[in-house]
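One-letter residues, chain by chain:
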2 protein chains.
Amino acid sequence: MTTRTAAQAHTAARIAHREHCVRCPTNRMLDRIGEKWVALIIKELSGGLRRYGELGRAIPGASQKMLTQALRNLERDGLLTRTVTPEVPARVDYELTALGHSLLPVIQAVAQWADQHIEQIDSARAAHDARGR
Amino acid sequence: MTTRTAAQAHTAARIAHREHCVRCPTNRMLDRIGEKWVALIIKELSGGLRRYGELGRAIPGASQKMLTQALRNLERDGLLTRTVTPEVPARVDYELTALGHSLLPVIQAVAQWADQHIEQIDSARAAHDARGR
DNA sequence: CCGAATCCCCACCGATACTG
DNA sequence: CAGTATCGGTGGGGATTCGG
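The structure contained in this document is the topic of the report that follows. (Residues numbered from 1 in each chain as written. Chains lettered and ligands numbered in written order. Predicted model: local features only at pLDDT ≥ 70, side-chain atom pairs only at ≥ 80, totals over all residues. Heavy atoms only, no water.)

### Digging into the nonpolar core
Now for step 1: By size, the foremost hydrophobic cluster in this structure holds 61 residues, and its most contacted members are A:Ile41, A:Leu103, A:Trp113, B:Ile41, B:Leu103 and B:Trp113.
Now for step 2: Among all residues touching A:Ile41, those that are not within four sequence positions of it are A:Ile59, A:Leu67, A:Ala70, A:Leu71 and A:Leu74. (Core = buried A, V, L, I, M, F, W, Y, C linked by side-chain atoms within 4.5 Å. Buried < 20%, exposed > 50% of the residue type's maximum accessible area, 1.4 Å probe, protein only. Contact = heavy atoms within 4.5 Å.)

Structure (structure tokens):
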């Protein structure tokens, strides 16, 4: 296409640039940590090795599918290990790696900030909603 | 329904419990921070007051719609202020509040961890993919 | 007991066009 | 300049069922 609108050219440039933004380490990790149930899994695993069923019971909100998916992603990224013990019934244990442990302080920093400021956020939101409508 | 399967009862219990998980401050903040473009907006705003267009140019990946949506959510939570100056052409400035500034160290902690460990994660993922298939 | 596989919905996000 | 309105595609995530 030799002819295209300015809007299209602008859109193309934005799409190209988005690749960089999305691949930036900070955003990649925020995406990963922000995934559903990931933070809870890491926190639960910080107490040591856990069986699949234990995790499921510790995090009742997660469906089996989501729990498995999150665990697989974390395993893929080298944040935890998955150990299958072929006995009957089957037994699968999950445990944080060194890399996974190194992530704990970060998550705890977020948790601490959240606990300290959640009331401010709630009241700010309430005030904003009350004024706006 | 006086009669329902054990599976249904279990599901109902999980749904009820999920309410607690989702409302936990840590997860709420992770959801908020993990939202698209939020981290980038905060980082950009850490340099001081910015106009809407400046933010748009600084974050070329975000569409107007997403940028506006994210800004409105952050304003609602009291993390930034939105100031309209009625001149021609229109001018709207965004600026972090004290609460918003207090979030900066947390985001930087995540960013720092990501920068330091992104290579480990990439190599772990590459190794995992190479083995698995 | 630990998943894999399947179906399905709707929430999110992007593109485009229009307004004050 | 700074949005709002609207439409459409996509995929995340939940329920359910089947296998080892």
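From this point, things continue past the structure.
### A few points about the sheet that holds strand S2 (residues 80–85) of chain B
Now for step 1: The strand order across the open sheet formed by three strands is S1-S3-S2 (chain B), and the pairing between neighbours is antiparallel. Edge strands, defined here as strands with exactly one partner in the open sheet, are strand S1 (50–51) and S2 of chain B. (Pairing = 2+ DSSP bridges. Helix = DSSP H or I, 4+ residues; strand = E, 2+ residues; numbered from the N terminus.)

### Some remarks on the relation of the copies chain A and chain B
Now for step 1: It takes a turn of 180° to lay chain A on chain B, together with a shift of 0.0 Å along the axis; the resulting RMSD is 0.1 Å. Both copies of the chain, as the preceding transformation shows, are related through a two-fold rotation axis. Nearest to the rotation axis, the C-alpha of A:Gly34 is located 2.5 Å from it, this being the minimum over chain A.
Now for step 2: Comparing interface residues between copies, 100% of those in chain A also lie at the interface in chain B; the contact surface is shared. (Least-squares fit on C-alpha atoms with pLDDT ≥ 70 in both.)

### Considering the protein's contact with DNA strand C
Now for step 1: The full set close to DNA strand C counts 22 residues, and A:Arg72, A:Arg82, A:Tyr94, B:Lys65 and B:Met66 are the nearest of them.
Now for step 2: Within 4 Å of the protein, atoms of DNA strand C come from sugar and phosphate in 70% of cases.
Now for step 3: Here A:Tyr94 contributes a side-chain N or O atom positioned 2.9 Å from a phosphate oxygen of DNA strand C.
Now for step 4: At the level of elements, helix H1 (6–23), helix H4 (52–58), helix H5 (64–76) and strand S3 (91–96) of chain A together with helix H5 (64–76) of chain B are the ones that each hand at least two residues to the surface near DNA strand C.
Now for step 5: Considering only residue class, the surface near DNA strand C consists of eight nonpolar, six polar and eight charged. (Near = heavy atom within 4 Å. Polar contact = N/O pair within 3.5 Å; in protein donor to acceptor, adjacent residues only side chain to side chain. Nonpolar A, V, L, I, M, F, W, Y, C, P; charged D, E, K, R; others polar.)

### Overview of the protein's contact with DNA strand D
Now for step 1: Surveying the vicinity of DNA strand D reveals 21 residues, the closest of which are A:Lys65, A:Met66, B:Gly53, B:Arg82 and B:Tyr94.
Now for step 2: Considering DNA strand D, the proportion of its atoms within 4 Å of the protein that are sugar or phosphate atoms stands at 62%.
Now for step 3: Here a base nitrogen of DNA strand D sits 3.0 Å away from a polar atom, N or O, in the side chain of B:Gln64.
Now for step 4: With respect to DNA strand D, the side chain of B:Tyr94 contributes an N or O atom lying 2.9 Å from a phosphate oxygen.
Now for step 5: Of all the secondary-structure elements, those providing two or more residues to the surface near DNA strand D are H5 of chain A together with helix H1 (6–23), helix H4 (52–58), H5 and strand S3 (91–96) of chain B.

### A word on the interface of chain A and chain B
Now for step 1: Of the residues lining the interface, 46 residues belong to chain A; the matching set on chain B comes to 46 residues.
Now for step 2: Interface area lost by chain A to chain B is led by A:Arg76, A:Trp113 and A:Arg125, which between them contribute 15%.
Now for step 3: Summed over the shared surface of chain A and chain B, the result is six salt bridges.
Now for step 4: A salt bridge links B:Arg125 to A:Asp77; its shortest N-O distance comes to 2.7 Å.
Now for step 5: At the boundary of chain A and chain B, one finds 10 residue pairs in polar contact (both at pLDDT 80 or more).
Now for step 6: Secondary-structure elements contributing two or more residues to the side of chain A that touches chain B are H1, helix H2 (25–34), helix H3 (38–45), H5 and helix H6 (98–132) of chain A.
Now for step 7: Ranked by residues supplied to the side of chain A that touches chain B, first place goes to H6(A) with 19 residues.
Now for step 8: Partitioning the side of chain A that touches chain B into residue classes produces 22 nonpolar, 11 polar and 13 charged. (Buried area = accessible area lost by both parts, 1.4 Å probe. Salt bridge = Lys/Arg side-chain N within 4 Å of Asp/Glu carboxyl O.)

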